[in-house]
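Examination of the molecular architecture
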Amino acid sequence: MPNPKDQLIVALDGTPDEVGAWADALCGVVTWVKVGMTLHYVLGARIIDDLHAHGYKVFLDLKLHDIPHQVEGAAFALAALGVEMMTVHACGGLDMMAAALRGANRGAEQAGKPAPKILAVTVLTSMDAAALRQIGVADDPQTQVERLVRLSAQACVGGIVCSPLEAPLARSILGAGATIVTPGVRPAGSATGDQSRIATPARALELGATHLVVGRPITQSANPAAAAQAILQELATQEQVSCQEGD
Ligand code: C5P
């Protein structure tokens, strides 16, 4: 049975001071943290080293999206930081995703670090059908996610990011062992904020996510460690239910 601690990723989207406090509070409670552009653009490599020194695994979520040459260079530089996972936008296309893999593999090798898992972001969990139409995508989120999951599989990336609602679809395409990371996770009763395609932690797991990204429901709570522990407990209970159903 998977350990919920390996499944929960806390998004540290805040100022350096806030993140310092969260990193201290969550130390030993969770294994994974996610660094996004809010933090990385301010602190760069320093925050990655810091979080590794705290004992965290780091998911660097910069969602690279540019011409292949630029993305290859960025992935080369970022992989040298020794991060465990990083992201590119699947809608950057096949060549761009291949360039990211090449860059990351070369960067990690040159730095003597393990290569990070490259995840392809499909459709942002903040976007609904109307938001997709605004950018010229007439298909609904499910159809667009399906298209991008297939493209990501062709590019041989290490996994994908989608909302929990599309996890079963992604699983059916990618197979049993695939890494499926889902943001858009909200414990019952917590604020939705700008997220649109959401599910509870237990439901996300049940739908087939391997990793759940949760930010504000943990970081904006009065007690982030207690909020994370409550989610871990919810995941452990769901694991037991799934196990019993599988018996
Ligand atoms: O605070 P919240 O739980 O909404 O944070 C979700 C995190 O997941 C954010 O850091 C956001 O950048 C990231 N993310 C997302 N949707 C995606 C990919 C990443 O919300 N499709």
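Above: the structure in question.
First things first, this report covers the structure right here in the doc.

Definitions and cut-offs
- Residues numbered from 1 in each chain as written.
- Predicted model: local features only at pLDDT ≥ 70, side-chain atom pairs only at ≥ 80, totals over all residues.
- Heavy atoms only, no water.
- Helix = DSSP H or I, 4+ residues; strand = E, 2+ residues; numbered from the N terminus.
- Rg over C-alpha atoms; globule rule 2.2 N^0.38 Å.
- Buried < 20%, exposed > 50% of the residue type's maximum accessible area, 1.4 Å probe, protein only.
- Contact = heavy atoms within 4.5 Å.
- Areas by Shrake-Rupley, 256 points an atom, 1.4 Å probe, with all protein chains shown as cover.
- Near = heavy atom within 4 Å.
- Polar contact = N/O pair within 3.5 Å; in protein donor to acceptor, adjacent residues only side chain to side chain.
- Nonpolar A, V, L, I, M, F, W, Y, C, P; charged D, E, K, R; others polar.
- Expected span 1.5 Å × (residues − 1).
- Core = buried A, V, L, I, M, F, W, Y, C linked by side-chain atoms within 4.5 Å.
- Salt bridge = Lys/Arg side-chain N within 4 Å of Asp/Glu carboxyl O.
- Axes fitted to C-alpha atoms, helices over the stretch in contact; angles between N-to-C directions.
- Parallel < 35°, antiparallel > 145°, perpendicular 65-115°, else oblique.
- Left-handed = near helix turned anticlockwise from the far one by under 90°.

**Observations regarding the overall build of the chain**
- Across its full length, the chain holds 11 helices and 8 strands.
- Its C-alpha atoms give the chain a radius of gyration of 17 Å, within 12% of the compact-globule value 18 Å for 247 residues.
- Dimensions of the chain, computed from the C-alpha atoms along their principal axes, are close to 45 × 40 × 40 Å.
- The burial tally for the chain puts 51% of its 247 residues in the buried class.
- Of the contacts made within the chain by residues no fewer than 6 positions apart, 68% connect residues no fewer than 24 positions apart.
- Accessible surface computed for the chain: about 10,900 Å², of which carbon and sulfur atoms make up 53%.

**Things to note about the side chain of H89**
- Checked against the element boundaries, H89 lands in strand β4 (residues 85-89).
- In contact with H89, other than residues within four places in its own chain, are K63, L64, H65, M96, V121 and L124.

**Concerning the site of the ligand**
- Around the ligand, a shell composed of 18 residues is seen, among which D13, K34, T125, R186 and R216 lie nearest.
- D13 places a side-chain nitrogen or oxygen 2.6 Å from an oxygen atom of the ligand.
- Compared with its free state, where it exposes 470 Å², the ligand has 88% of that area covered by protein.
- At the level of elements, β3 (57-64), β8 (211-214) and α10 (216-219) are the ones that each hand at least two residues to the shell around the ligand.
- Here the residues of the shell around the ligand are counted per class, giving 9 nonpolar, 3 polar and 6 charged.

**Section: helix α5 (residues 94-111)**
- For α5, with 18 residues, the first-to-last C-alpha span of 26 Å sits near the 26 Å given by 1.5 Å per residue.
- Taken together, the buried positions of α5 are M96, M97, A99, A100, L101, G103, A104, G107 and A108.
- On the buried face of α5, the contacting elements are β3, α4 (68-79), β4, β5 (117-121) and α7 (141-155).

**What to know about the side chain of T125**
- Within the secondary structure, T125 is located in the loop between β5 and α6 (129-134).
- At 2.7 Å, the side chain of T125 and the side chain of Q195 are in polar contact.
- The contact partners of T125, leaving out residues within four places of it in the chain, are C162, S163, P183, G184, Q195, S196 and R197.

**Thoughts on the nonpolar core**
- Counting residues in each nonpolar core, the largest one holds 67 residues, and the members touching the most others are L8, L51, L60 and I218.
- With 10 residues, the next largest nonpolar core counts F59, M85, V181 and V213 among its residues.

**Brief notes about the pattern of salt bridges**
- The final tally for this structure, using the stated rule, is 9 salt bridges.
- Its salt-bridge partner being D61, residue K34 comes within 2.6 Å of it at the nearest N-O pair. Remark: D61 occurs in strand β3 and K34 occurs in strand β2 (residues 32-36); sequence separation between them is 27 residues.
- Residue classification places K34 among the buried positions, given a relative accessible area of 7%.
- Residue D61 is classed as buried on the basis of its relative accessible area of 6%.
- Linking D139 and R147 is a salt bridge whose minimum nitrogen-to-oxygen distance equals 2.7 Å.
- Of the residues examined, D139 reaches a relative accessible area of 28% and is grouped as partly exposed.
- Overlapping salt bridges bring together K34, D61 and K63 as one network.

**Overview of the packing of α7 against helix α8 (residues 167-174)**
- The N-to-C vectors of α7 and α8 enclose an angle of 30°; their axes lie 10 Å apart at closest approach. By the angle between their directions, the pair α7 and α8 is classed as roughly parallel. Considering only the axes of α7 and α8, their crossing is right-handed. Here α7 contributes Q142, E146, V149, R150 and A153 to the contact with α8, which in turn contributes L169, A170, I173 and L174.

**Overview of the packing of α5 against α7**
- Running from N to C, α5 and α7 point in directions that differ by 45°, and their axes come no closer than 9 Å. Taken together, the axes of α5 and α7 lie oblique to each other. Pair α5 / α7 crosses with right-handed handedness. Contacts from L94, M97 and L101 of α5 reach α7 at L151, S152, Q154 and A155.
- Residues of the contact of α5 with α7, tallied by class, amount to 5 nonpolar, 2 polar and no charged.

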